[in-house]
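# Observations on the model geometry
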Amino acid sequence: MADVQVVGISGSPRKKATDYAVRWALDHIQDTYGLQTEYFSVRGKTINYCIHCDYCIKKQQGCIHDDDLQPLYPFLEQARIWIVGSPVYHGHISAQAKAVLDRTRASVARDRRIFENKVGMGLAVGGDRNGGQEQVLHTILDFYLINEMIPVSGGVFGANLGGTVWSRDKGAAGAEKDVEGLKSLRKTIARAVKVSEALKNIQGS
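The paragraphs below set out a description of the structure included in this document.

## A closer look at helix H6 (residues 133-146)
With 14 residues, H6 extends 20 Å from end C-alpha to end C-alpha; this agrees with the ideal 20 Å at 1.5 Å per step. Burial in H6 covers these residues: Gln133, Val136, Leu137, Ile140, Leu141, Phe143 and Tyr144. All buried residues of H6 fall inside an arc of 150° around its axis, so they share one side. More than 90 degrees from the buried face of H6, the exposed residues found are Leu145 and Ile146. Looking at the packing, one finds that the buried side of H6 touches strand S3 (81-87), helix H4 (95-103), strand S4 (119-126), strand S5 (150-151) and strand S6 (163-166). Looking at the residues trailing H6, positive phi occurs at glutamate 148, about 60°.

## Describing empty space enclosed by the protein
All told, the structure shown has one cavity of 30 Å³ or more when counted by the stated rule. Reported here for the largest cavity is a volume of approximately 100 Å³. Every residue lining the largest cavity is counted, 13 residues in all, and those nearest its centre are Cys50, Ile51, Cys53, Cys56 and Cys63. When residues of the lining of the largest cavity are traced back to their parent elements, those giving at least two are helix H2 (55-59) and helix H5 (105-110). The residue makeup of the lining of the largest cavity, split by class, is eight nonpolar, two polar and three charged.

## Thoughts on helix H8 (residues 179-203)
The end-to-end C-alpha distance of H8, which contains 25 residues, comes to 36 Å, matching closely the 36 Å that a straight helix rising 1.5 Å per residue would cover. Buried within H8 we find Gly181, Leu182, Ser184, Leu185, Thr188, Ile189, Ala192, Val193, Val195, Ser196 and Leu199. Residues of H8 that are buried sit in contact with helix H1 (17-33), S3, S4, S5, S6 and helix H7 (171-176). Of the residues trailing H8, glycine 204 is marked for its positive phi of about 70°.

## A short note on the nonpolar core
Generally speaking, soluble globular proteins have nonpolar side chains that are buried together. Val7, Ile9, Leu72, Trp82 and Tyr144 are the most contacted members of the largest nonpolar core, which has 34 residues in total. Listed by contribution, the elements that provide at least two residues to this core are strand S1 (6-10), helix H3 (73-78), S3, H4, H5 and H6. With six residues, the top contributor of residues to this core is H6. In this structure tyrosine 144 touches Trp82, Ile83, Val84, Gly120, Met121, Gly122, Met149 and Pro151, once residues within four positions along its chain are discounted. Of all hydrophobic cores here, the second largest spans 26 residues; its members include Ala21, Ile29, Val119 and Ala175.

Quick notes on the rules
Residues numbered from 1 in each chain as written. Predicted model: local features only at pLDDT ≥ 70, side-chain atom pairs only at ≥ 80, totals over all residues. Heavy atoms only, no water. Helix = DSSP H or I, 4+ residues; strand = E, 2+ residues; numbered from the N terminus. Expected span 1.5 Å × (residues − 1). Buried < 20%, exposed > 50% of the residue type's maximum accessible area, 1.4 Å probe, protein only. Arc of directions from axis to C-beta. Contact = heavy atoms within 4.5 Å. 1 Å grid on protein atoms, 1.4 Å probe; cavity = no way out; pocket = protein on both sides within 12 Å on 5 of 7 lines; lining within 4 Å. Points joined across faces, edges and corners; volume = space filled by probe spheres on them. Nonpolar A, V, L, I, M, F, W, Y, C, P; charged D, E, K, R; others polar. Core = buried A, V, L, I, M, F, W, Y, C linked by side-chain atoms within 4.5 Å.

Distances and angles like these do not, on their own, reveal function.
Quick look at the structure:
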């Protein structure tokens, strides 16, 4: 497996704005910072929901669901930076994105600190400019906190909680034209890379 430093997840079942935004972010990281990336989309995949059966805890052999999420686990465990992107569905994270986050329990069951000090950023895409993007970002950032990761945003003046993209319900074409949204992504990516590099220097690896 390649030395993947950044993993980007599109939590949308459609190949539209969220898919575009996550791919844009990964391309920007490769072009600007030269980091190796890996892309994962839930689109067209069978991803079962966590049923809290405790198989992962009792057996410590991964998740009981042998589905299309399995190939993602190694990249989540290896990458230093995570980008989790979700469309806004009724003011919240998509069910598919939530399923991915819930299923990481299988990794944590083997090693509760497996995601410790990884840097995580969020990306929310809405058809409306203020359609629930911040609520989605809060959910993603809360997940990072719970798993002892380091959540980052792009800071004040435009990227307070992370990347927020307005698609105008026009899919990738709408997202591409959202200059301010892509700016919020650049700012958040810059912060994520800076924090990750600082941690790498401290840890000496």
